[in-house]
Amino acid sequence: MTSVSKLLRRSEAAVLAILIVVMIVIGVINPAFWQADNLFNLLRANVVIGIMALSVLTVMISGGIDVSFPAFAVAAMYLTVIAMNAMGYQGVVLPFIGATVIGLLCGLANAFFIHTFRMIPLIVTLGSASVVRGLLLGLVGTSIINIDRMPPSLIAFGSSTAEIGGSKLSLMIFIYLGIAVLMWLFLTRTMAGRAIFAYGDDAESAKRVGFNTRRTVYLVYGLAGALAGFAGLLHASMIWLANPRDFVGYELDVIAAVVLGGASIFGGRGSVFGTILGVFMLTLIKNSLIIMRIDNTWQGVVVGCVIVIATALTAWRDRKALV
Amino acid sequence: MKARSMNKLTDLRRFVNRDNNIVQLLIITAVIFVLMSALEPNKFLRYYNFESISFIFPELGIVSIAMMLAMLTGGIDLSVIGIANLAGILAGVFFTRLYPAAPEAGAAAELMRVVAGVVLALGVGLLAGTLNGLLIAKVRITPILATLGTGQIFTGLCMVLTGGPAIVGFPAWWGFIGNGKILGIAVPLVLFLVVVVVIAAMLTKTPFGLNLFLIGTNPRAAVFAGLRTERMVLYSYMLSGTLAALAGIVLSGRTNAAKSDYGTSYLLQAVLISVLGGTNPSGGKGTVLGVSIAVIALMLLASGFQMMRFSNHLIDFIWGGFLLLVMVINVLRNRGK
């Protein structure tokens, strides 16, 4: 009995329960929801936002916040595709390593400012996002690289599918799940991962216990940038074009998904499983408005309400007596 | 005799220390001014340039003051642009659909229509700010997340109301708020000066202002000292929302249009200007004067770069780089003390 009530008090269980209710409601309104095509499309929509959410989750567990990852993702994506076209390179592994490294370097720059000058992560990442986007659009270019100029190897990779019962499931979903498992192992099974939780809970205590806080900050923001860079190129190969103005406004959605998944903005709290559920919830709501015959212009309002309600619930959970 | 001159010296030093930030800002502004005048003397030093700046900067200045108000208690208001656009769009809906101009309406009726629109827009801002304040003070959602969410809702409502394209067809008097002149001075500038004086007086001369600084300096101590922190934080976001709506009125008046994605780059700039103006994002520190000088400094910078045909993207880069640079300078300076 106690184990059941304990389970229900975990936010993952609550999110899962709400998720199931929402899916049943949508299914009742429009049974087409349960068709394999629709479900597979839904899963596919999780991939890029999901990887970005894992990046934000790491930052949030450390007690910070990151609004620069969309800029890093778009820079990694656009620079990599341009470099591939310039060199006429056809391959998959090397470009993805390149995009990841670009993201990593940007993330390390965030860490440098945050650690060396003890600056507030929100301000630093607002600034670095503006710097990276400004440089990309101002110096590199503003033109969209369409399907006819996209490297065929990337397109082939991004559109690889498996046929299940006549419907096509994007294989990218397994990349997402693979990264999620690795992140879960890293956060819960390694000393470096535990250090992030300790740092987010109380940076000063973590330092006194003997964790290297400098290494932790660099690890957190470096990892976040690397994941964002990877997700950026994956996005381009899945939609077959590279748009240097892409990902505008993603920071809101992704942060919402992570908070929805039970992570605390004050740090020290959050899980990979919860984040996956949060991302699924968000994409479910966004993608199902049409299927529920609600006009698409309501999307912003609905997502905003979901953020406010979810954060209100977590605030209620984390409430303290006085301050 | 000697003691007295020593006293005078320490007095002076204390004054310079207290207003160190203002002095630093004035120096930055002067440097930018001289630099731009030297680089583009023919275009920059014209009366027309300064006149056009006096029309454009007030909306950003008002938004920045709204941002500073939220930062005083250690919060942030990421919904200011959403509120500004919502106020402009609702006024537009009011003028075009709910209460269109009567064919033979006199000047008085037209003026009444615009006054009603202004009241409606400011009321929406007050309401939106109240929602933010309640979520932050009562429900205790972190300001970043609360205003991120409500900002999304406000922008979403703009989308629902307009369906995407801009709303046009504001009355002539509405345009006067954004484009008119009183005694040769731009109306937006007059409004900005009024806001500056009122908010500065509110922050320095009233218990409300003192409360905000105390809450920002140490929220725990403020609670134990018996301050009504919840109510004060609520008021500060109500004020911030109303100011954002005022900025929305000026913006829609100047461009004679309202759209759901107007002024999105203002959000980062408002944060930058408040921080540059000496506001501490963790709370407890900030002056209206500092923010006002900062907005003028950055407007001079932007107008100069535009004359040198820098692309808008590179100006974004410069804004971001400037934000980081200023923060670093502030940190290094405080470390020295």
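Note that the structure is a prediction, hence the values are computed from the model and not measured. (Residues numbered from 1 in each chain as written. Chains lettered and ligands numbered in written order. Predicted model: local features only at pLDDT ≥ 70, side-chain atom pairs only at ≥ 80, totals over all residues.)

## What about the overall build of chain A?
Tallying secondary structure elements over chain A gives 14 helices and two strands in all. A compact globule built from 323 residues should have a C-alpha radius of gyration of about 20 Å, and chain A, at 20 Å, falls within 12% of that. Its C-alpha atoms put chain A at 60 × 55 × 35 Å along the principal axes. Within the span of chain A, comprising 323 residues, buried residues form 48% of the whole. (Helix = DSSP H or I, 4+ residues; strand = E, 2+ residues; numbered from the N terminus. Rg over C-alpha atoms; globule rule 2.2 N^0.38 Å. Buried ≥ 20, exposed ≤ 12 C-beta atoms within 10 Å, placed from the backbone.)

## Structural notes on the overall build of chain B
Across its full length, chain B holds 15 helices and four strands. Scaling as 2.2 N^0.38, a compact globule of 337 residues should have a C-alpha radius of gyration of about 20 Å, and chain B matches this with 21 Å. If you line up chain B on its principal axes, its C-alpha atoms span 80 × 60 × 40 Å. Across chain B, contacts joining residues at least 24 apart in sequence account for 80% of those joining residues at least 6 apart. (Contact = placed C-beta atoms within 7 Å.)

## So, the nonpolar core
Among the nonpolar cores identified, the biggest contains 200 residues, and Ile51(A), Met52(A), Val56(A), Ala75(A) and Val63(B) are the most heavily contacted of them. Residues in contact with Ile51(A), not counting those within four places in the same chain, are Tyr176(A), Ile179(A), Leu227(A), Phe230(A), Ala231(A) and Leu234(A). (Core = buried A, V, L, I, M, F, W, Y, C linked by C-beta atoms within 7 Å.)

## Section: the pairing of strand β1 (residues 161-164) of chain A
Residues and elements named next belong to chain A. In this sheet, strand β2 (residues 167-170) lies alongside β1 in antiparallel orientation, the contact comprising four bridges. Bridge pairing links Ile 164 to Ser 167 in β2. The turn joining β1 and β2, which pair antiparallel and follow one another in sequence, is formed by two residues; a positive phi near 55° is taken by Gly 165. (Pairing = 2+ DSSP bridges.)

## A short note on helix α13 (residues 272-291) of chain A
Residue pairs spaced three or four apart in an α-helix point in one direction, given the helix's 3.6 residues per turn. All names here are of chain A. In a regular helix each residue adds 1.5 Å, so 20 residues correspond to 28 Å; α13 covers 28 Å between its end C-alpha atoms and thus fits that length. Where α13 is concerned, the buried positions are Val 272, Gly 274, Thr 275, Ile 276, Leu 277, Gly 278, Val 279, Phe 280, Met 281, Leu 282, Thr 283 and Ser 288. Buried positions along α13 lie against α2 (11-29), α3 (36-61), α8 (172-189) and α12 (250-260). Looking at the residues trailing α13, positive phi occurs at Arg 293, about 60°. (Expected span 1.5 Å × (residues − 1).)

## Overview of the interface of chain B and chain A
Accessible area lost on assembly of the parts is the figure often given for the size of an interface. Contacts between the two partners involve 39 residues from chain B and, on the opposite side, 39 residues from chain A. When residues of the side of chain B that touches chain A are traced back to their parent elements, those giving at least two are α7 (143-162), α11 (219-224), α13 (266-276) and α15 (312-336) of chain B.

## Details of the environment of Val303(A)
Tracing the sequence through the fold places Val303(A) in helix α14 (residues 299-317). On the basis of neighbour count, Val303(A) is assigned to the buried category, with 23 C-beta atoms found within 10 Å. Each C-alpha atom of the pair Val303(A) and Ile20(A) lies 18 Å from the other, and the pair is 283 residues apart in sequence. Leave out the neighbours within four places in its chain, and Val303(A) touches Asp253(A), Ala256(A), Lys286(A) and Gln152(B).

## Here we look at helix α9 (residues 187-205) of chain B
Residues and elements named next belong to chain B. Spanning 19 residues, α9 covers 26 Å between terminal C-alpha atoms, matching the ideal 27 Å at 1.5 Å per step. Residues of α9 that are buried: Val 187, Pro 188, Leu 191, Phe 192, Val 195, Ile 199 and Leu 203. Seen along its axis, α9 keeps its buried residues to an arc of 135°; they face one direction. Looking at α9, the residues exposed on the side facing more than 90 degrees away from the buried face are Val 194, Val 197, Ala 201 and Lys 205. (Arc of directions from axis to C-beta.)

## Considerations on the packing of helix α4 (residues 47-72) of chain B against helix α12 (residues 229-255) of chain B
Residue and element names in this part refer to chain B. Between α4 and α12, whose axes approach to 9 Å, the crossing angle comes to 170°. Regarding the angle of α4 to α12, the classification is roughly antiparallel. The element α4 and its partner α12 pack so that their crossing is left-handed. Contacts between α4 and α12 involve Phe 55, Pro 58, Glu 59, Ile 62, Val 63, Ile 65, Ala 66, Leu 69, Ala 70 and Leu 72 from the first element and Ser 236, Tyr 237, Leu 239, Ser 240, Leu 243, Ala 244, Leu 246, Ala 247, Val 250, Leu 251 and Arg 254 from the second. Tallied by class, the residues present in the contact of α4 with α12 amount to 17 nonpolar, two polar and two charged. (Axes fitted to C-alpha atoms, helices over the stretch in contact; angles between N-to-C directions. Parallel < 35°, antiparallel > 145°, perpendicular 65-115°, else oblique. Left-handed = near helix turned anticlockwise from the far one by under 90°. Nonpolar A, V, L, I, M, F, W, Y, C, P; charged D, E, K, R; others polar.)

## What about the packing of α3(A) against helix α11 (residues 213-239) of chain A?
All names here are of chain A. As a packed pair, α3 and α11 sit with axes 8 Å apart at the nearest point and diverge in direction by 175°. One finds that α3 runs roughly antiparallel with respect to α11. Of the residues in α11, those in contact with Val 47, Val 48, Ile 51, Met 52, Leu 54, Ser 55, Val 56, Thr 58 and Val 59 of α3 are Val 220, Tyr 221, Leu 223, Ala 224, Leu 227, Ala 228, Phe 230, Ala 231, Leu 234, His 235 and Met 238. Here the residues of the contact of α3 with α11 are counted per class, giving 17 nonpolar, three polar and no charged.

## Points about the environment of Arg228(B)
Take Arg228(B): it is sitting in the loop between α11 and α12. Sequence-wise, Arg228(B) and Val190(B) are 38 residues apart; in three dimensions their C-alpha atoms are separated by 34 Å.

## Considering unusual backbone geometry
Notably, Phe247(A) is not glycine yet its phi reads approximately 70°, a positive angle. Within the secondary structure, Phe247(A) sits in the loop between α11 and α12. Look at Phe247(A) and you get buried, because 25 C-beta atoms sit within 10 Å. Of note, Leu183(B) is a non-glycine position whose phi angle comes to about 50°, a positive value. When you line up the elements, Leu183(B) lands in the loop between β2 (181-182) and β3 (185-186). Of the residues examined, Leu183(B) has 5 C-beta atoms within 10 Å and is grouped as exposed.

## Some details on the confidence of the model for chain B
Residues at a pLDDT of 70 or more form 92% of chain B, whose mean pLDDT is 85. Note on the complex model: pTM 0.85, ipTM 0.81. (pLDDT = per-residue confidence, 0-100.)

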